[in-house]
Amino acid sequence: MLELKDVNTYYGNIHALKGISLTVNDGEIVTLIGSNGAGKSTTLRTIQGLIKPRSGSVVLDGVELQKLPAHEVATLGVAQSPEGRMIFPRMTVLENLEMGAYVRRDLSSFQNDLEHAFTLFPRLKERISQKGGTLSGGEQQMLAMARAMMAKPKILLLDEPSMGLAPILVELIFDIIKKLNQEGTTILLVEQNALMALSIAHRGYVLQTGEVVLADKAEKLLKDPMVQKTYLGVE
Amino acid sequence: MMKIIRPGITFGIIGGLLTFLFGGWSVAVIGCFMGLGLGLGLAGQFERKNPLELVKSALPTALIAGVILVLLSLYQSSVVQEAIGKRPTAEEIVAKGNLIGFLGAVGFSLLLVALHSLPEKQEQQWKIAVLALVVITFPFVDQASELRWTSQIIFALIFVILGLGLNIVVGYAGLLDLGYAAFFAIGAYTTGILSSPVHNIQWNFWLVIWIAAAMAAIWGLILGAPTLPLRGDYLAIVTLGFGEIVPVLFKNLIDVTIKEPLTCWILPMFGANTTCIVFTEHFDATLGEKGISPIGRPALPLIAHGEPAGAAMTIKIVIMLVAIAILGYLFWRAWSSGNRKPGVMAGFAGALAAIFIFFLPIPRTNNTIIDSVLGIIQPGEFESSRPVTWYFLIIGIILLSIFIIRRLRDSRLGRAWMAIREDELAAAQMGIDPVKTKLLAFAMGATFSGFAGAFYAAYIRGIFPSVFDFSASIIILCVVILGGIGNINGVIVGGLVLMTADRLFLPALKDFLAAFLKTTILPSISDPAVQLAVKDNANPILYRFLLFGLTLAIMMAVRPEGLIPNEQIRAELHEKEAVAEVEAPKSKKGKKG
Ligand SMILES: Nc1ncnc2c1ncn2[C@@H]1O[C@H](COP(=O)(O)OP(=O)(O)O)[C@@H](O)[C@H]1O
Ligand SMILES: [Mg+2]
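Our subject in this report is the structure included herewith. (Residues numbered from 1 in each chain as written. Chains lettered and ligands numbered in written order. Predicted model: local features only at pLDDT ≥ 70, side-chain atom pairs only at ≥ 80, totals over all residues. Heavy atoms only, no water.)

1. Description of the packing of aromatic side chains
Residues and elements named next belong to chain B.
Here's step 1: The tally for this structure, following the rule as stated, stands at 30 aromatic pairs over all chains.
Here's step 2: Ring centres 5.4 Å apart and planes at 85 degrees place the aromatic pair Phe 382 and Trp 390 in the edge-to-face group.
Here's step 3: Residue Phe 382 is classed as buried on the basis of its relative accessible area of 3%.
Here's step 4: A ring pair is formed by Tyr 456 and Phe 468, whose centres lie 6.2 Å apart and whose planes are at 75 degrees; its orientation type is edge-to-face. Of this pair, Tyr 456 sits in helix H17 (residues 434–460) while Phe 468 sits in the loop between H17 and helix H18 (470–483), and the two are 12 residues apart along the sequence.
Here's step 5: Tyr 456 sits in the buried class, given a relative accessible area of 9%. (Phe/Tyr/Trp six-rings, centres within 6.5 Å; stacked < 30°, edge-to-face > 60°. Buried < 20%, exposed > 50% of the residue type's maximum accessible area, 1.4 Å probe, protein only. Helix = DSSP H or I, 4+ residues; strand = E, 2+ residues; numbered from the N terminus.)

As C-alpha cells, then:
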C-alpha cells in the first residue's frame, strides 16, 4: 500500500534520511523505532509532503506522493498525529475534530464518526467545547489522534503518541491504536517506547542516524540481541 | 448596585456632553441612540427572567442615564448656548426635544432589556427588528430635526464596508494587510474611468459597481500572490509597499500609450515592414492630482420614466427577464426540495417585487403622500441634495455584504481561513491548500472595497489620489481593531463609532471651541499674535491622527480584543487568564471528589 524507496531527505546540508526504504501493507501496524535524532519524524514528514526528499520515491496505492504538496497528500488519504501534537489551540475540541474531517467531501457519516471517536476517547467528549490549548498534555495527544482519525485516512501516521504521558495513559493509548487497527486502519507508528510498540505491531524497522539497520517481524525484533540491548535496556 | 448604575452615569454624561456640541433637537436623537446602546449593553448583564423583573432591575440605570442627559441638555440650552454666543433655542424645541430624548433613552433601553426575557433566538430576531426600525427611520428623523447628519453617516457606512472587507483578510485569515486602501482606490478609479464624461465613457453605475468589485478582486489576487510565502511582519511590510504604489500609480497614469508589441517592435527588429497597431496613445486615464470629476451617478428605476424605446431599453428588459428567470429557477429548486416555509416564500415574493421596482417605473398617482414614498423608492438620478437615497443604497450594500460574509465565514472556505490563521502547517496537514485559501482571502476582502470604492466615487462625484494614501489604510485597520477583529458586529460598531467621531464629532467640537473661545478667552488676550495662535490651534481636526492613535493606544491597554470581540481572538489575547480559569474549577472538583 505505502512504499518508500531509497528516500534521501535533507535539511539544508544535513543529510537526515540516507536512502530509506520501507513498506506498509494494507491492514498492518508497522512501527519505526530508533533513538532521538534517528530520523523517524523526518520520515513521517517526508511521507506527508511537509519536506520534499531530494531523491527516491514515496508511493501510496500507485500515486507518487513525493511530487505533491502536503494538502494534496492529505486529500489522498494520509493523516498524521504529529509530534508535539500541533492541534489548533484556540479552537474548541469539536472544531478541531471538524478540521480533521476537512478533507472529506462526504460528511454524511460525520456524526457517527464523531460518536465513535468519543467512545474511544470519552475524555474528549467531556471537554467538547473547551479550547484545545487549555487541554492537558494527555488530552491534547488524544485530540491529535482523534482529529487524524476523523479524516478516515487510508493510512494513519502516529508520531510518538506516548511521549510525555503517564504510564496508565500510555497503556490506554496503545490499546486504542490496537483497536483502531482491528477496525481496519493501516498504521505507521513511530515510537521511542520500543517494547510497547513492538508488542502491538506486526512488523518493525529500526532506524539509526537516517538509515534502516534492521527490518523484521515485530516478535523477531523483540528477541534480537541488538534491539534488546539498545532499545529495550535488556543486558 | 454600583456595577449596574455606572453604565447609566457614563452613558448619561457622554450623551449630555454631545448635546453641548450640537444643541437644538439633537437631545432627542442622542437620547434614542443612547437608549439603544445602553439597552444592548445592559441586557447581557442579567439572567433570563420575566420581563417585569428585568425592567425593574434595569430601571434605575435607565432613569439615571435619562436624567443626566436631560439635566446636561437643559444646562446646554440655558447656559452653554449663551456662553458660545448663539441665539437661545426656541422653548418649544427645548421642551419637546428633552421629553423625546428622555423617553427615548429610558424607553429603548428598557425595551431591549425586556426582550432579554425571550429565548435567545427570538430575542435576537426582536433586536434586529428594533434596529431595523431605527435604521429605516433615522434619515427622516434626521431631516425633520434639521441635524443633517445623514450625509456624514454615509461616510461612516462606507468605512463599515471597508472594515468588513479588511476583516476577512486580517480577522479571518490572519494576514496583516497595511495597504488595503489600494483596493478601495482600484474600485473608485475603475468607476471613475468607466463612468465619467471626461473620458466619454459613461456606463451605468449599476453595471460599473460590479466591474469595480471584480477589478478589485482580480488585483487582490495579483497583489496577494507575491506575499504568499511571507508571514507576520514581512507580509505587513510588502502590503504597505503595495498600498503606497497604487495611489502613486493612479497619480501618474496621465500619459498612457499601449502599442501591440509584435507589430511595433519585434517584427521591425527583424526588418519586417509592418504597420504598428496602437491601442491608445497619450491617453490621460486618471488626470493625475486633479482627479476625475464629475462621475456618473446611479438612477432608479433602471428604465427611466418616459425613456424612449430603443436598443438600451431592450438590453435592460432582457437583463430583467434574466433576473426573473434566475429567481424563478431558485424558487423552483426551493419548492421542489420541500423548502416551503412562509419566510422563504415571502423572501421570493419580496425579491420579485424588488426586481420590478428596480427596473420598471411606477406611475405617479397625484396623491402627495404616496408620491413622496415613491420618490424615495424610485428617486430618479441620485442627487447630493437628497442624502436619503444614498443612505438606503449604502445600507443595501452593507446588508448584501453582511449576508455574503456570514455565508463565507460559515463555509468550508471560512473554516480553512480560521485554520490557516491558527497554524498554517497544521492546516496543510488537514488538507487545506494554503495558497488557494490565502489568495481567496485577499480576493474576497478586496471585493468589498471595490463596492465601497464605486459607491464613494459616485457619491462625492469625483476621485483624487490623495484620498487613498497610507492614512486611509490605517483608518480602516483602526475600524477593525477598535470594533473587534474577526467579529462582524464589532466591525460595524467600530466603523460607526470611529467615523462618526471623525466626521461629525470633531467638526462640531471645532465650531464649539471656536465659538467658546471667541466669547471667553480670546477677548482677554491682548497680544494679537498669541490670540491668533490660540485661535488656530484650538482646532481638534488638526489633531485627528493624534486622537486616532490615542484611542487605539488606550484600547490596546484596556480592551485589546475590541469593543465587541471575537471569541477565538479574545482567547488568544487572554491566554494566561483562560488557562487559569479552566484550572481553577478543575482543582475545585478534585477536592470535592
Ligand atoms: N527542522 C530541522 N532543521 C534542521 N535539522 C533538523 C530539523 N528537524 C530535524 N532535524 C535533524 O534531522 C535529524 C532527524 O531528526 P528527526 O527526524 O526529528 O529525529 P527523530 O524524530 O527520530 O527524533 C536530526 O539530526 C535532527 O537534528
Ligand atoms: Mg521525532
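2. Considerations on helix H9 (residues 232–252) of chain B
All names here are of chain B.
Here's step 1: The end-to-end C-alpha distance of H9 is 31 Å, a good match for the 30 Å that 21 residues give at a rise of 1.5 Å each.
Here's step 2: Buried residues of H9: Leu 235, Ala 236, Thr 239, Phe 242, Gly 243, Val 246, Pro 247 and Phe 250, and no others. In a view along the axis of H9, the buried residues occupy a sector of 120 degrees, so they form one face of it. Facing away from the buried surface of H9 by more than 90 degrees, the exposed residues are Asp 233, Tyr 234, Ile 237 and Asn 252.
Here's step 3: In this fold, the buried residues of H9 make contact with helix H7 (181–194), helix H8 (205–224) and H17. (Expected span 1.5 Å × (residues − 1). Arc of directions from axis to C-beta. Contact = heavy atoms within 4.5 Å.)

3. Quick word on the interface of chain A and chain B
Here's step 1: Facing the 26 residues of chain A at the interface are 25 residues of chain B.
Here's step 2: Of the roughly 2400 Å² buried between chain A and chain B on both sides combined, carbon and sulfur atoms contribute 58%.
Here's step 3: If you sort the residues of chain A by the area they bury against chain B, A:His71, A:Arg90 and A:Tyr102 come out on top, with a joint share of 33%.
Here's step 4: Put simply, chain A and chain B have 1 salt bridge between them.
Here's step 5: One can count 5 residue pairs in polar contact (both at pLDDT 80 or more) joining chain A with chain B. (Buried area = accessible area lost by both parts, 1.4 Å probe. Salt bridge = Lys/Arg side-chain N within 4 Å of Asp/Glu carboxyl O. Polar contact = N/O pair within 3.5 Å; in protein donor to acceptor, adjacent residues only side chain to side chain.)

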